[in-house]
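Letter by letter, the chains look like this.
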2 protein chains.
Amino acid sequence: MDATTKVTLFSILMLFWSHAECNHLLHPLDPLTPSELNLVRTIVQNFYPTSQNLTFHYVGLDEPNKPEILKWLSSNNSKIKPKPRPPRRAFAVVRFQKQSHEITVDLSTHSIVSTKDCEGNGNPMLTFGEQAVASQLPFSYEPFKESLKKRGLNTSQVVCACFTIGWFGEGKTKRNVKVKCYYANDTANLYARPLEGVAAVVDLDDMKIVGYNDRYVVPVPKAEGTEYRASKLKPPFGPKHKGIAVTQDGGPGFTKDGHSVSWANWNFHVGFDIRAGPIISLASIYDLQKQRHRRVLYKGFIPELFVPYQDPTEEWYYTTYFDSGEYGFGQSMSSLQPLNDCPPNAAFIDAYYAGSDGTPVKIANAFCIFEKYAGDIMWRHTEISIPNEVITEARSDVSLVVRIVSTVGNYDYVIDWEFKPNGCIKIGVGLTGILGLKAGTYTNTDQIKEDIYGTLIADNTIGIYHDHFFTYYLDLDIDGEANSFVKSNLETVRVKDDTTPRKSYWTVVSETAKTEADAKINLGSKPSELLVVNPNKKTKQGNKIGYRLLPGPVAHPLLLNDDYPQIRAAFTNYNVWVTPYNKSEKWVGGSYVDRSRGDDTIAIWSLRDREIENKDIVLWYTMGFHHVPSQEDYPIMPTLSGGFELRPTNFFERNPVLKTKSPKPVHFPNCTSQH
Amino acid sequence: MDATTKVTLFSILMLFWSHAECNHLLHPLDPLTPSELNLVRTIVQNFYPTSQNLTFHYVGLDEPNKPEILKWLSSNNSKIKPKPRPPRRAFAVVRFQKQSHEITVDLSTHSIVSTKDCEGNGNPMLTFGEQAVASQLPFSYEPFKESLKKRGLNTSQVVCACFTIGWFGEGKTKRNVKVKCYYANDTANLYARPLEGVAAVVDLDDMKIVGYNDRYVVPVPKAEGTEYRASKLKPPFGPKHKGIAVTQDGGPGFTKDGHSVSWANWNFHVGFDIRAGPIISLASIYDLQKQRHRRVLYKGFIPELFVPYQDPTEEWYYTTYFDSGEYGFGQSMSSLQPLNDCPPNAAFIDAYYAGSDGTPVKIANAFCIFEKYAGDIMWRHTEISIPNEVITEARSDVSLVVRIVSTVGNYDYVIDWEFKPNGCIKIGVGLTGILGLKAGTYTNTDQIKEDIYGTLIADNTIGIYHDHFFTYYLDLDIDGEANSFVKSNLETVRVKDDTTPRKSYWTVVSETAKTEADAKINLGSKPSELLVVNPNKKTKQGNKIGYRLLPGPVAHPLLLNDDYPQIRAAFTNYNVWVTPYNKSEKWVGGSYVDRSRGDDTIAIWSLRDREIENKDIVLWYTMGFHHVPSQEDYPIMPTLSGGFELRPTNFFERNPVLKTKSPKPVHFPNCTSQH
């Protein structure tokens, strides 16, 4: 039996399984199913002769081209004979013999479409498999054993982890990482107990320690006070809450068909990618007046997160993480805990990704979807000017939230996509989890005479200053693909004559960005509204149909532009970029980010200064947080929240929720007794 | 019977009523009760001989001095023999014979403590009474009748309203307002149907029309499409929601004793003032570790809102409202609609203010208080680094919200004070209601060749550009009165040697503001954290105990500094000011704002450049919105939300909600059938 026969037989089996596991037809943007992941593995392993050493660093859906999707969608929506689904393809990045390869697989024909050896700088994402192996290496490495002995630590309680090391101007680089260790004795909070001063360098391809440093001994911070598990904490507990829940007596108001969601006036698709995590696609909103769905967002996801720490010393200077390209924001997603991570009315969706060996790994409850009823007011007015009448009309607000949590090492990121009936899409980010902590000799700020690059947060424990930059890919298709980017600047007009007692007022001066250079924006420098409009469509009143970006917390990079981490993260140099749609421009910091050199970021792509007027365009928006840790962030951080909004702006002819009624109050069941 | 006897007899009666209506002792910061308001009226009317023409423009609690309150509070908290309550006093501003008078009344002794004739610029708030009378004057004014006839309008459907006119450099000014009118025929949305070009000038003291203008005739926008009452709208309705509610089977988790609220770890007092609206006082948080309540906020309220419109033409140039000082943000509060304005688990509090004639006016359901459970995550972490274990700990978030809505003419402001168990106070603002609309001849933007100072939002209807500046008075008392204001600037350090491969990093350089001049801050100019700290207390680790301001949307005034409205609103020239506590510095834009000249704003007070280090200080923070209307804002605006946060920063030794458990899921009653 040759390789092709084996593949074919296997895939027949797989297809059978696939039918058994899915009771719905796959949407062209659905993430790869476990069967498909298995199929990719088989096809790829059979194609390459050295399959035994081959590792899978990325396996994801190779999306059909946008025109294909749109064609399928419109035929599907029109309910005339639907077009056949575009063929399912997968894209994989595998590595063997110290070389990365890209493979595109056709899942319908079970054939390899193309392969490519990766040249250039940068490596694919780290796999959990290799990180697990690398993290074990120190335990059989004599100098490390010596380091533990010197510190009097119990080896069985030591836990190590891998850290990417970036690029600092070196010539040829290997897939090296640093391995740093923690003392998990008497606590789950290992990050609070670092073995400071100790680091091994591991070559992931050779899977061996190629460097080791035990620079100094400082006390491992004590376990006391680090624990966050309720089962390990001692009373008193508090503050206490009474029972509270969101109740929907008629069941959820949304419908979920596989990964496609319909709710109120919204339709959208929830995808998953091992690297990007959640992907929201094909968001369209029903226009009550026009009596049809209208397109808003073709695709939105987080292509990169940049988290530079601000300690330049030996053990920390390289700590400038790219949580998507280095660690995989998707594979880092955590299983959500019902009732604690999501309210009682939430529904869940699982996710699957390919492990190092290509076999599917399940993340149970990876997504939750729920209707949010926070008690907010959708709109209201009280009118008292009409004699003998007081008119009050008010509507309470309900929205639909799609949530994931990605836990990249110590940090937990809560990512919400919230759809509001008024047409707004709110994108929320919550930062929680454990701080990046450094051990030191200090127990009180009085003792400190130098910069410790952070806040002394507990005895012998420093919370290092750092930033979080979240870059969003927002392929808005406002009523169609051909869109323009408009800056509506608010400009003061100085009155120079006597036509009015006013000396000044402001007005709006709009500029349409012609090329990419016009659309590089640092927020906060001047007051303006940023819009994506469809220049080919106007409202009845003649206004350009559009959506507006309401930015979240503004932070600009504080590293120098020519500093290595900033060269690699040059996509954060501006809060906003706009590019023409290009299927291959997806990962804002580059396709291969581990040890990258910044030669494949949007800052480079945009140098071509392409035309962006009346084109299919993509808005790239970076929201940032500078984080000066405080003692409240220890031993676990209360969520710090931020977010931004995409808001319809002359997209609708009028308030799209004018004729929405508040949800009915819940009817409680007829009850005989109270529990 | 002389006046004094009458007062005494009356007040005995009042005291009796007072006992009947209250089943709790008054807190020294409780707003004046209806009986007290009546008592003030009687005392004042008896004191002045001309009582028949006397109007009450402001009646409010004359708060005991801060040391008295603190002394009472500490004796009250310690549960040793509580100190007697400080005497209840009221402060009133009345007007007769074209003169304003300030009167302080002692409610215990029923005596007048002091009186003062008001000199200087600026007038007290408009009363609803005089606005109602003034709004009727056009109907008996021949030129106005002529104007209506010319336009063919049905007089019985015309509604007029009063608009303050500011100050534009005039010498002597009167209490003049403009009266503009609307056509409420076939709609509740009168603002959508202005009689553009027509305005009367009314002298409120003489209560007569002293000027009239009918400049031009433009079509009154049609009624069709302006209605927002569900009962008047035609199907289809939608988008539709399924029933949803927040449920608390054990009842609310907070306790309310009069105006004092306790919930989870928070205690605070909810006051009310006819001018300021809601006042949050004495907010303190229980520290589980220190086992005592610790002081956070002595007092917080909105002393002024500035809403300048950006149309310099005759009928609009003066439209630069001060919603607190001119219209009374408190008396403009609307009765909240259960289920629509607040969730089902809300409790309500009424408010009372003195009408023009001094008699109490009730605002039923003026406040709502509810536990908010929006499905958010308080903190969480998933740990996968410990072999053979996946640890997930997550806590869901509950907070307590105090909400009011103040409807100042066309606009509805939703003001939320949200207390979080993690120590944060989030202050939310929602903008909804009806836009300021101008009638015009245009029906399509194609026809427009000039600046129309707004957005063409419907046929013949322009939504005028405007701003909303909300200034907050925040008397933080972080663990005591003596506090300092610290700017923690994030500064880039350029590495000049070879000690690290990094070329740069950022660090924190803190400056303590010595005087007021050091604390005038325009946000967004440089990255910094703004803190109020107690320099006399430190955490165990030696960090300064503090609270941090996390600003909301940043907007700077776009009017020229020497333009008249901006001179009057000079408090918006900076986003942040810090002053030493001074009981008399309360109204950031001046005590008498109608037609004010900016001579009593914080910009003037601060010129003294007083010391603010280690003093009882007040933080004044201005959050702003520039509003470019869009068609979605018509005929009624979907809420636009913003807010800021006060966040404990090294206030606690550690995460104060580490030992909080998620609320219990609700136990549903044992049920026999479903409704």
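Residues numbered from 1 in each chain as written. Chains lettered and ligands numbered in written order. Predicted model: local features only at pLDDT ≥ 70, side-chain atom pairs only at ≥ 80, totals over all residues. Heavy atoms only, no water.

Visitor: I tried to follow the interface of chain B and chain A on my own but got confused; where do I start?
Guide: By a widespread convention, an interface's size corresponds to the accessible area lost as its parts come together. Counting residues at the interface gives 173 residues for chain B and 173 residues for chain A. Counting each side, the surface lost to burial between chain B and chain A is near 15,300 Å², with a carbon and sulfur contribution of 55%. Seen at the junction of chain B and chain A, the total is 14 salt bridges. Counting across the chain B and chain A interface gives 109 residue pairs in polar contact (both at pLDDT 80 or more). Sheet analysis places strand E9 (residues 245-247) of chain A next to strand E9 (residues 245-247) of chain B, joined by three bridges and oriented antiparallel. Each bridged residue has a counterpart across the sheet, and for Val 246 of chain A the counterpart in E9 of chain B is Val 246 of chain B. (Contact = heavy atoms within 4.5 Å. Buried area = accessible area lost by both parts, 1.4 Å probe. Salt bridge = Lys/Arg side-chain N within 4 Å of Asp/Glu carboxyl O. Polar contact = N/O pair within 3.5 Å; in protein donor to acceptor, adjacent residues only side chain to side chain. Pairing = 2+ DSSP bridges. Helix = DSSP H or I, 4+ residues; strand = E, 2+ residues; numbered from the N terminus.)

Visitor: Teacher, can you tell me more about unusual backbone geometry here?
Guide: Glycine aside, a negative phi is what most residues show, and trans is what most peptide bonds show. The omega torsion of the bond from Pro 235 of chain A to Pro 236 of chain A falls at 0°, within 30 degrees of zero and hence cis. Inspection of the secondary structure assignment puts Pro 236 of chain A in the loop between strand E8 (208-214) and E9. Residue Pro 239 of chain B follows Gly 238 of chain B across a cis peptide bond; omega there is -5°. Mapped onto the elements of the fold, Pro 239 of chain B is located in the loop between strand E8 (208-214) and E9. Here Asp 609 of chain A, not a glycine, exhibits a phi torsion of approximately 50°, which is positive. Position of Asp 609 of chain A relative to the elements: it lies in the loop between helix H7 (602-605) and strand E32 (615-627).

Visitor: What's the story with the relation of the copies chain B and chain A in this structure? I'm lost.
Guide: Mapping between the two copies of the chain is achieved by a rotation about an axis and a shift along the axis. After a rotation of 180° and a shift along the axis of 0.0 Å, chain B superposes on chain A with an RMSD of 0.0 Å. Accordingly, the operation relating the two chain copies is best matched by a two-fold axis. The share of interface residues of chain B whose copies in chain A are also at the interface is 100%, consistent with both copies meeting through the same surface. (Least-squares fit on C-alpha atoms with pLDDT ≥ 70 in both.)

Visitor: Could you clarify how one ought to interpret the domain arrangement of chain A in this entry?
Guide: All names here are of chain A. Per the domain assignment, the segments making up chain A are domain 1 (3-117), domain 2 (128-229) and domain 3 (256-327 + 420-436 + 464-649). Taken together, the 18 residues of domain 1 in the interface contact 24 residues of domain 3. Together, the buried faces of domain 1 and domain 3 total about 1,700 Å²; carbon and sulfur atoms form 56% of this surface. Applying the counting criterion to the domain 1 and domain 3 interface returns five salt bridges. One salt bridge in this structure joins Lys 66 and Asp 616, with 2.6 Å as the shortest N-O distance. Run the count over domain 1 and domain 3 and you get ten residue pairs in polar contact (both at pLDDT 80 or more). (Domains from an automatic or database assignment.)

Visitor: Would you mind showing me how to read the side chain of Thr 382 of chain A here?
Guide: With respect to the helices and strands, the residue Thr 382 of chain A is situated in strand E18 (residues 377-383). A polar atom in the side chain of Thr 382 of chain A sits 3.0 Å from the side chain of Arg 380 of chain A. Residues contacting Thr 382 of chain A, with those up to four places away along its chain left out, are Val 390, Ile 391 and Thr 392 of chain A together with Ser 334, Thr 407 and Asp 412 of chain B.

Visitor: Please clarify how the pairing of strand E26 (residues 466-476) of chain B should be interpreted in this entry.
Guide: On any regular strand, side chains alternate: one points to one face of the sheet, the next to the other face. Residue and element names in this part refer to chain B. For E26, the buried fraction is high: eleven of the eleven residues fall into the buried class. In E26, alternate side chains face the same way, and those of His 466, His 468, Phe 470, Tyr 472, Leu 474 and Leu 476 on one face and Asp 467, Phe 469, Thr 471, Tyr 473 and Asp 475 on the other are all buried. Pairing of strand E14 (residues 292-308) with E26, which is carried by seven bridges, proceeds in the antiparallel orientation. Within the sheet, the bridge partner assigned to Leu 297 lies in E26 and is Leu 476. (Buried < 20%, exposed > 50% of the residue type's maximum accessible area, 1.4 Å probe, protein only.)

Visitor: Hey, could you run me through helix H4 (residues 128-136) of chain A in this one?
Guide: Spacing of three or four residues puts side chains on the same side of an α-helix, whose turn is 3.6 residues. Residue and element names in this part refer to chain A. Of all the residues in H4, the buried ones are Glu 130, Gln 131, Ala 134 and Ser 135. Considered in projection along H4, the buried side chains sweep an arc of 135° and stay on one side of the axis. Along its buried surface, H4 packs onto strand E1 (55-61), strand E5 (158-164), strand E6 (176-183) and strand E7 (198-203). (Arc of directions from axis to C-beta.)

Visitor: Honestly, the pattern of salt bridges in this entry has me stumped. Any pointers?
Guide: Once the charged atoms of two side chains with opposite charge are near each other, the side chains can pair. If you walk through the whole model with that rule in mind, you get 96 salt bridges over all chains. The salt bridge involving Glu 130 of chain B is made with Arg 175 of chain B; its shortest N-O contact spans 2.5 Å. Here the residue Glu 130 of chain B occupies a position in helix H4 (residues 128-136), and Arg 175 of chain B occupies one in the loop between strand E5 (158-164) and strand E6 (176-183), the gap between them amounting to 45 residues. Counted as one network, the salt bridges with shared partners bring together Lys 66, Arg 295, Asp 475, Asp 477, Glu 481 and Asp 616 of chain A.

Visitor: Explain the UniProt feature "active site" (unreviewed entry) in chain A here, please?
Guide: All names here are of chain A. UniProt annotation of "active site" (unreviewed entry) refers to Asp 323 and Tyr 411 when read in the numbering used here. In three dimensions, the annotated residues from a span of 89 residues occupy one location, with a maximal C-alpha spread of 10.1 Å. Inspection of the secondary structure assignment puts Asp 323 in the loop between strand E15 (320-322) and strand E16 (347-354). A relative accessible area of 2% places Asp 323 in the buried class. In contact with Asp 323, other than residues within four places in its own chain, are Glu 304, Leu 305, Val 307, Gly 328, Phe 329, Val 408 and Tyr 413. Not counting residues up to four positions away in its chain, the partners in contact with Tyr 411 are Tyr 309, Ser 406, Leu 431, Thr 432, Ile 434, Leu 435, His 466, His 468, His 627 and Met 637. At a separation of 2.7 Å, a polar atom in the side chain of Tyr 411 contacts the side chain of His 466. (UniProt positions renumbered as here; feature names shortened; annotations may be inferred.)

Visitor: Looking at this model, I keep getting lost on the sheet that holds strand E3 (residues 99-106) of chain A. Mind explaining?
Guide: In a beta sheet, neighbouring strands are held together by backbone hydrogen bonds and run either parallel or antiparallel to one another. All names here are of chain A. Spatially, the four strands line up as an open sheet ordered E1-E2-E3-E4, and their pairing is antiparallel. Here the strands that pair on one side only, and so sit at the sheet edges, are E1 and strand E4 (111-117). Mean inter-strand twist for the sheet, computed between neighbouring axes without regard to direction, equals 20°. One ladder, built from six bridges, connects E3 with E4; its direction is antiparallel. Paired with Asp 106 across the strands is Ser 111, a residue of E4. In the packing of helix H2 (residues 34-47) onto the sheet, contacts are made with E1, strand E2 (89-96), E3 and E4, and the angle to E1 comes to roughly 130°. (Axes fitted to C-alpha atoms, helices over the stretch in contact; angles between N-to-C directions.)

Visitor: Explain the environment of Glu 63 of chain B here, please?
Guide: Residue and element names in this part refer to chain B. Assignment of secondary structure puts Glu 63 in the loop between strand E1 (55-61) and helix H3 (66-78). Glu 63 sits 25 residues away from Arg 88 along the chain, and the two C-alpha atoms are 7.8 Å apart. Discounting chain neighbours no more than four positions away, the residues touching Glu 63 are Leu 29, Tyr 298, Lys 299 and Lys 583.

Visitor: Whenever I open this one, the side chain of Arg 548 of chain A confuses me. Can you help?
Guide: Residues and elements named next belong to chain A. On the secondary structure map, Arg 548 appears in strand E30 (residues 544-550). Side chain to side chain, Arg 548 and Thr 649 meet in a polar contact 3.3 Å long. Apart from the residues within four sequence positions on either side, Arg 548 is in contact with Glu 529, Leu 530, Leu 531, Glu 645, Leu 646, Arg 647 and Thr 649.

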